[in-house]
Amino acid sequence: MSATTQRMTVPRFTALKSKGRRISMLTAYDFPFAALLDQAGVDAILVGDSLSMVVQGHDSTLPVTLDQMIYHAEIVGRAVARALVVVDMPFPTFHLGRTTAVAHAARILKETRCQAVKLEGGVEQADTIAALVAAGIPVMGHVGLRPQAVHQLGGYRMHRDGEQLLADARAAQDAGAFAVVVECVPPEIAARVTAQLAIPTIGIGAGSGCDGQVLVLHDLLGLTMGYVPRFARQYADLRTTVTEAVAAYCRDVATGNFPGTEPTP
Ligand code: KIV
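Nothing here was measured: the structure is a model prediction, and the numbers come from that model.

Calculation notes
Residue numbers here run from 1 along each chain, matching the order of that chain's written sequence. Given that the model is predicted, a residue must reach a pLDDT of at least 70 before its local features are reported, and side-chain atom pairs must reach 80 or more before they are shown or counted; all residues, however, enter totals for whole chains, interfaces and linings. Excluding hydrogens and water, the side-chain values take into account all heavy atoms of the structure. Here the term cavity refers to a set of points on a 1 Å grid, laid over the protein atoms alone, in which a 1.4 Å probe fits but cannot get out; the term pocket refers to an open set having protein on both sides within 12 Å along at least five of seven lines, with lining residues being those that place an atom within 4 Å of a point. Grid points are joined across faces, edges and corners, and a volume is the space filled by probe spheres set on the points. Numbering goes from the N terminus for both helices and strands, where a helix is a DSSP run of H or I of at least four residues and a strand is a run of E of at least two. Gly is put with the polar residues, along with every residue not named as nonpolar or charged; the nonpolar set is Ala, Val, Leu, Ile, Met, Phe, Trp, Tyr, Cys and Pro, and the charged set is Asp, Glu, Lys and Arg. Exposure categories follow from relative accessible area, calculated using a 1.4 Å probe and restricted to protein chains: below 20% of the type maximum is buried, above 50% is exposed, and the middle band is partly exposed. At least two bridges found by DSSP between two strands are what make those strands a pair. Classification remark: right-handed applies to a crossover when, strands pointing away from the viewer, the course from the first strand over the helix to the second runs clockwise. In this text, near means that some heavy atom of the residue lies within 4 Å of the molecule or strand in question. The term polar contact refers here to a pair of N or O atoms within 3.5 Å; inside protein, the definition further demands a hydrogen-donor-capable atom paired with an acceptor-capable atom, and it admits residues adjacent in sequence only when both atoms are side-chain atoms. Computed with a 1.4 Å probe, the accessible areas rest on the Shrake-Rupley method; for each residue, only the protein chains presented here act as cover.

### Here we look at the layout of surface pockets
Here the largest pocket defines a volume of roughly 770 Å³. In terms of lining, the largest pocket is formed by 38 residues, of which the most central are Glu-183, Val-216, Tyr-227, Pro-229 and Phe-231. Mapped by element, the contributors of at least two residues to the lining of the largest pocket are α3 (51-54), β6 (179-183) and β8 (212-215). Partitioned by chemical class, the residues of the lining of the largest pocket number 20 nonpolar, 10 polar and eight charged. In this structure, the second largest pocket occupies an estimated 320 Å³ of space. Around the second largest pocket, the lining comprises 17 residues; the ones closest to its centre are Gln-213, Val-214, Leu-215, Arg-233 and Tyr-235.

### A word on the pairing of strand β2 (residues 44-47)
Within a regular strand, the side chains alternate between the two sheet faces. Where burial is concerned, the two faces of β2 agree: the one with Ala-44 and Leu-46 and the one with Ile-45 and Val-47 are both buried. One ladder, built from three bridges, connects strand β1 (residues 23-27) with β2; its direction is parallel. Bridge pairing in β2 places Leu-26 opposite Ile-45. This β-α-β element, β1 to helix α2 (residues 31-40) to β2, shows right-handed connectivity. Relative to strand β3 (residues 84-88), β2 runs parallel, the two being bridged by four bridges. Bridging across to β3, Leu-46 finds its partner in Val-86.

### Here we look at the site of the ligand
Around the ligand, the surrounding shell consists of Thr-27, Leu-46, Gly-48, Asp-49, Ser-50, Asp-88, Lys-118, His-142, Ile-204, Val-214 and Val-216. Lys-118 is positioned with one of its side-chain polar atoms (N or O) 2.9 Å from an oxygen atom of the ligand. For the ligand, whose free accessible area comes to 260 Å², the fraction covered by protein is 95%. Here the shell around the ligand is built from residues that sort into four nonpolar, four polar and three charged.

Written as structure tokens, this is what we have:
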């Protein structure tokens, strides 16, 4: 196996920071996209609870259940041969005590082929992160904007409290997290936090000073039906491609152009 096709493990992922190698991460929720992302060379795939919004059509990440996350994570886990696969712990699977959090995260690792979990929170989740890590479960933290707290925050707002952000990121690191997502934070604050941590920061709406970047796949491909954050960059317009392809098929069926007169093999 060459270095480029080597399986991304948690220790290799964390070591990318000291090598100064920028890290790419994207979400995926199904077999074909997970396989394509893996073949395209992304470092890590997140089965995000954004599944609730971009796949299930809800207006927040709150409704998706643990069973639904495990269903999708098992599919993604089977599709991926190389990238690190991380699964979001959905609300409120890690808020009900450390024992319950370990039981829920253990289900994710036992029932999928995924290697790590991600959970939102810093200082207030440090004990839970430590309990998961003590059980041998790798944890990615998530600080700054926490979408699961959308009702408490009153919307998807930029997190501007640099001291709190640093305290949260440090708490996640000290509790044993192997990396931390930093969401929707002014770039200079995210860069400062990145410089002070030994573990990689993976930014989303946090500027280029993070060690890596993550995007929701449907935002990148132009497939999102609802809210698209301003910081997302669209690299393709699959919504138009799909609509035009299906409309062309419907026209061909209507006119008899499909299947046409060629003999069926
Ligand atoms: O659920 C998700 O997709 C996420 C990313 C936005 C980081 O948590």
